[in-house]
Amino acid sequence: MREIVLISSKQSLNIKTLVVNEINLFSLKKAILDQYPDLMKINQNVDALIFTSKNAFKALLKSIEQDPELEIFKNIPAFVIGEGTAQRLRTEGFKVEYVGIDSHGSGFSSEIIPLLRNRKPLYFRAKKIVSGLDVKLLDAKIKLKQIFAYENRTIILDKTFKPSPKSILIFTAPSHYLAFKQNFGWDGSYYAIAIGMTTFSVFDQDVEAFVSPNQNIDSCIEFAKELASKLP
């Protein structure tokens, strides 16, 4: 059976993992105050939060731990691209107004644009994104503000870590694919599985690739095992 490898920014206990990125969470208070000097009036200036990544939410939580006055954001309803992130928000006492149906950034933007008209959303995001969600919202005349919450940094790995030919590789973020390719290039015998359409969209045309039926790591792993059992 073909080897299955999760390409990620953290180790998994359930499958062989190759860590190619490290996540750097930013301290957010200064960036927030630069745009909203009076936190006590934040509800007058922001009436929706946008999260397309758990890492962005983790950065906000970390900043809240450092500066409890940022807990005021718990009162602002959030628009979230995935159920996993939405559940994490609920667990931490945040309000979730909308959970995206489409896992691709462009699809999510189409869903929330009608809901955000005449609203003042704040998007907590990665420093670099590929979905273009910000551009689509601004083009739709949404009064969007943005905060860089984290960045992905590529880890340079020894070539001996390169997965063996014919491996099935699971990618859970666009940055993981880009970092993998930077380290090892691409072997035409690999098969790739993307956790969602945003990740799938960054694959090169010659990559034999599939999208996981459900947007979570466990589903990706099960799908990879099913695929491995059918391939020679």
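Refer to the structure presented above.
Residues numbered from 1 in each chain as written. Predicted model: local features only at pLDDT ≥ 70, side-chain atom pairs only at ≥ 80, totals over all residues. Heavy atoms only, no water.

Peer 1: Is there a simple way to explain the environment of Leu137 in this structure?
Peer 2: On the secondary structure map, Leu137 appears in helix α6 (residues 133-139). For the pair formed by Leu137 and Lys95, sequence separation is 42 residues and the distance between their alpha carbons is 22 Å. Once residues lying within four places of it in the same chain are set aside, the contact partners of Leu137 are Ile50, Ser109, Ile112, Ile113, Ile142 and Leu144. (Helix = DSSP H or I, 4+ residues; strand = E, 2+ residues; numbered from the N terminus. Contact = heavy atoms within 4.5 Å.)

Peer 1: Got a minute to help me understand helix α3 (residues 54-66) in this structure?
Peer 2: Turn by turn, an α-helix covers 3.6 residues, leaving residues three or four places apart pointing in a common direction. Along its 13 residues, α3 runs 19 Å from first to last C-alpha, staying within 8% of the 18 Å computed at 1.5 Å per residue. The backbone nitrogen of Asn55 has a side-chain oxygen 3.0 Å away, supplied by the residue at the start of α3, namely Ser53. (Expected span 1.5 Å × (residues − 1). Polar contact = N/O pair within 3.5 Å; in protein donor to acceptor, adjacent residues only side chain to side chain.)

Peer 1: Please clarify how the packing of aromatic side chains should be interpreted in this entry.
Peer 2: Two aromatic rings are characterised by how far apart their centres lie and by the angle between their planes. Enumeration over the complete set of coordinates arrives at 18 aromatic pairs. Look at Phe180 and Tyr190: their rings are 6.1 Å apart centre to centre, the planes differ by 65°, and that puts the pair in the edge-to-face class. With a gap of 10 residues between them, Phe180 in helix α7 (residues 174-184) and Tyr190 in the loop between α7 and β10 (191-194) connect regions that are remote in the sequence. Look at Phe180 and you get buried, because its relative accessible area is 0%. Overall, the relative accessible area of 0% leaves Tyr190 in the buried class. Relative to Phe210, the ring of Tyr191 lies with its centre 6.2 Å away and its plane at 15°, an arrangement referred to as stacked. One end of the pair, Tyr191, is in strand β10; the other, Phe210, is in strand β11 (residues 208-211), with 19 residues separating them in the sequence. Judged by its relative accessible area of 17%, Tyr191 falls in the buried class. Taken together, Phe171, Tyr177, Phe180, Phe184, Trp186, Tyr190, Phe200 and Phe203 form an aromatic cluster joined through their ring pairs. (Phe/Tyr/Trp six-rings, centres within 6.5 Å; stacked < 30°, edge-to-face > 60°. Buried < 20%, exposed > 50% of the residue type's maximum accessible area, 1.4 Å probe, protein only.)

Peer 1: Please explain the pattern of salt bridges as it appears in this structure.
Peer 2: It is possible for side chains of opposite charge to pair when their charged atoms get near one another. Under the definition given, this model contains 13 salt bridges. Between Glu83 and Arg90 there is a salt bridge, with the nearest N and O atoms lying 2.7 Å from each other. The partly exposed category is assigned to Glu83, whose relative accessible area is 43%. Assessed through its relative accessible area of 36%, Arg90 is described here as partly exposed. Between Glu222 and Lys225 there is a salt bridge whose closest N-O contact spans 3.9 Å. Of the two residues, Glu222 and Lys225 both sit in helix α9 (residues 217-230), 3 residues apart, roughly one turn of that helix. Among the ionic contacts, a cluster of salt bridges with common partners joins Lys29, Asp67 and Glu69. (Salt bridge = Lys/Arg side-chain N within 4 Å of Asp/Glu carboxyl O.)

Peer 1: Teacher, can you tell me more about the nonpolar core here?
Peer 2: A general trend in soluble globular proteins is that nonpolar side chains are found buried together. Ranked by internal contacts, the top residues of the largest apolar core, which has 30 residues, are Leu28, Ile32, Leu49, Phe51, Phe73, Phe94 and Phe124. Of all elements in the fold, only β4 (48-51), α3, β5 (78-80), α4 (83-91), β7 (121-126) and β8 (145-154) reach the threshold of two or more residues within this core. Apart from the residues lying within four places of it in its own chain, the contact partners of Ile32 are Leu39, Leu70, Phe73, Phe124 and Ile147. Ile7, Leu157, Tyr177 and Val207 belong to the second largest nonpolar core, which has 17 residues in total. (Core = buried A, V, L, I, M, F, W, Y, C linked by side-chain atoms within 4.5 Å.)

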